[in-house]
Amino acid sequence: MSAQTSAIRVDLAGRGYDIAIGPGLVDRAGELSRPLLAAPRVIIVSDETVAPLYGARLAASFDKAGVRTTSITVPAGESSKEFGAFGRLMNELLDRRPDRKTTLVALGGGVVGDLAGFAAAVLLRGVDFIQVPTTLLAQVDSSVGGKTGINTRHGKNLVGAFYQPRLVLADTDVLDTLPRRELLAGYAEVAKYGLVDDPAFFDWLEIHGPAVIAGDRARRAEAIERSCLAKARIVAADERETTDLRALLNLGHTFGHALEAATGFSDRLFHGEGVAIGMVLAAELSARLGMISEADAARVERHLAEVGLPTHLRDIAGFAQEGLADADALMALMAQDKKVRRGRLTFILLEAVGRAVVSRDVEPALVRDFLKAKLAESA
Ligand SMILES: NC(=O)c1ccc[n+]([C@@H]2O[C@H](COP(=O)([O-])OP(=O)(O)OC[C@H]3O[C@@H](n4cnc5c(N)ncnc54)[C@H](O)[C@@H]3O)[C@@H](O)[C@H]2O)c1
Ligand SMILES: [Zn+2]
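Residues numbered from 1 in each chain as written. Chains lettered and ligands numbered in written order. Predicted model: local features only at pLDDT ≥ 70, side-chain atom pairs only at ≥ 80, totals over all residues. Heavy atoms only, no water.

Chemist: Which residues make up the nonpolar core, and what values do they have?
Modeler: Counting residues in hydrophobic clusters, the biggest one holds 56 residues, and the most contacted among them are Ile19 and Tyr187. The element that contributes the greatest number of residues to this core is helix H6 (residues 180-197), accounting for nine residues. Among all residues touching Ile19, those that are not within four sequence positions of it are Ser6, Ala7, Ile8, Val10, Val144, Val168 and Cys228. (Core = buried A, V, L, I, M, F, W, Y, C linked by side-chain atoms within 4.5 Å. Buried < 20%, exposed > 50% of the residue type's maximum accessible area, 1.4 Å probe, protein only. Helix = DSSP H or I, 4+ residues; strand = E, 2+ residues; numbered from the N terminus. Contact = heavy atoms within 4.5 Å.)

Chemist: Which residues make up the coordination of the zinc ion (ligand 2), and what values go with them?
Modeler: Every protein donor of the zinc ion (ligand 2) is accounted for by Glu189 (OE), His253 (NE2) and His271 (NE2), and the metal-donor separations fall at 2.0 to 2.1 Å. If you list the donors of the zinc ion (ligand 2) from N- to C-terminus, the spacing comes out as E-x63-H-x17-H. Residue Glu189 is located in helix H6, and its partner His253 is located in helix H10 (residues 253-262); the two are separated by 64 residues in the primary sequence. On the accessibility criterion, His253 (6% relative accessible area) is buried. (Donors = N, O, S within 2.8 Å, 3.2 Å for Na, K, Ca; no water.)

Chemist: Describe the site of ligand 1, with residues and values.
Modeler: Around ligand 1 lies a shell of 26 residues, among which Glu78, Gly110, Thr134, Thr135 and Thr177 are the nearest. Between ligand 1 and Thr49 there is a distance of 3.5 Å, counted from an oxygen atom to a side-chain nitrogen or oxygen. Lys156 is positioned with one of its side-chain polar atoms (N or O) 3.2 Å from an oxygen atom of ligand 1. Contact with the protein chains removes 86% of the 860 Å² of surface that ligand 1 exposes when unbound. Split by residue class, the shell around ligand 1 holds nine nonpolar, eight polar and nine charged. (Near = heavy atom within 4 Å. Polar contact = N/O pair within 3.5 Å; in protein donor to acceptor, adjacent residues only side chain to side chain. Areas by Shrake-Rupley, 256 points an atom, 1.4 Å probe, with all protein chains shown as cover. Nonpolar A, V, L, I, M, F, W, Y, C, P; charged D, E, K, R; others polar.)

Chemist: I'd like to hear about the pairing of strand S9 (residues 167-171), residue by residue, with values.
Modeler: With five of five residues buried, S9 lies mostly within the body of the structure. Judged by which residues are buried, S9 turns out to be covered on both faces: Leu167, Leu169 and Asp171 on one side and Val168 and Ala170 on the other are all buried. Taken together, the five bridges between strand S2 (residues 17-22) and S9 define a ladder with parallel strand orientation. Counterpart to Gly22 in the pairing with S9 is Asp171. Pairing analysis gives two bridges linking strand S6 (residues 128-133) to S9, with the strands arranged parallel. What sits directly across from Ile130, in S9, is Leu167. (Pairing = 2+ DSSP bridges.)

Chemist: Please set out the sheet that holds S2 residue by residue, giving values where relevant.
Modeler: What the seven strands build is an open sheet, ordered S1-S2-S9-S6-S5-S3-S4; its pairing is mixed. At either end of the open sheet lies a strand with only one pairing partner, and these are strand S1 (6-10) and strand S4 (68-74). Averaged over all pairs of adjacent strands, the angle between strand axes in this sheet comes to 20 degrees, irrespective of strand direction. Packed onto the sheet, helix H3 (residues 83-95) meets strand S3 (41-47), S4 and strand S5 (103-108) and runs at close to 160 degrees relative to S4. Each of S3, S4, S5 and S6 touches helix H4 (residues 110-122); the most contacted strand, S5, lies at about 170 degrees to it. (Axes fitted to C-alpha atoms, helices over the stretch in contact; angles between N-to-C directions.)

Chemist: Could you give an account of the packing of aromatic side chains, naming the residues involved and the relevant values?
Modeler: For the structure shown, the criterion picks out five aromatic pairs. Between Phe255 and Phe370 the ring centres are 6.2 Å apart and the planes differ by 55 degrees, which places this aromatic pair in the tilted class. With Phe255 in helix H10 and Phe370 in helix H15 (residues 364-378), the pair connects residues that are 115 residues apart, well separated along the chain. Pair check on accessibility: Phe255 and Phe370 agree, each one buried. Among the aromatic side chains, those forming a connected cluster through ring pairs are Phe255, Phe347 and Phe370. (Phe/Tyr/Trp six-rings, centres within 6.5 Å; stacked < 30°, edge-to-face > 60°.)

Right under this line is the structure:
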């Protein structure tokens, strides 16, 4: 690897892999992947936005390394994770006559990563795959940890597999073409790692976060690296989400998912935006429960707002015109979340800025009153 590239090892017995982070990795993908390939054949899966931007360069780099490539492009957006779209992809993959030594390469955001990763898990009962994540969210979150999956009418990601890639190449240059709103949505997950268990990282983000957003190369790479380290550490300790540890990564997500559902999973609220508002709500609820101070909760809000993320219910697009579900409806949406165990709401709360805990005994009535107050305050 070059001086500018850093590598993080994800330790998993027998299936460990590297995450390379740095500039220019799309053009070095062939050279870096070649030693890991079972045979010099890859199929690149990308979407209609990313393929025209980086597809040719990625294919050329494999070509240069003596690796034969073909490419498949799916429509951009969450609809490509629908069951029908998945079936079409599987047939297109089989049209290319892959064998067990063919490797799939996912070039794109979390949608392409989840889709191609699950395809790799089941194509011919499993072929290798490599991730080339192109959104900040994919670089710091979805490409790390081995969760793959698709959507059904019962909900998102309910069909899938834990399936680890052989290599992740996070090229920091590709973020230059990412729309600012997508970049910010990914940043919410970056801030989350600081809030969950790395107070020094949150301190760092308070200073350098605006530069990360503005495109400062070195700071961007450092933020991605520290985020991947945090997730890799947690995943290595709890690969299949069986303990509370990995659950901490759901900070802001119980509230966030309810808000996403209340806005119909539409462009009104991106996932990361829901997480940002959700983390502020979690911090405020923690303050209300006396776990952190009001000043700490305000600190969380201030940082997310400073970089440009929405932090209040009224920041949700169309809130003034269309409103939002009432507190009871939001409670019902939270109860539908798959993180519910035996009918109780699980919340990830803060004990400090930089220390999250799983809480299963929050009084539902208290949460409802809290949401009522928040809705009234935003109106
Ligand atoms: N597997 C996991 O652990 C995990 C974790 C979090 C999220 N996810 C999944 O990730 C998905 C969301 O991922 P996402 O936010 O990356 O969305 P996405 O893949 O839809 O990408 C967002 C948009 O940005 C475009 N884009 C991607 N890279 C670009 C670039 N470099 N330049 C310009 N445009 C670019 C895409 O075409 C798309 O339109 C969801 O389906 C979610 O369920 C999975
Ligand atoms: Zn998330």
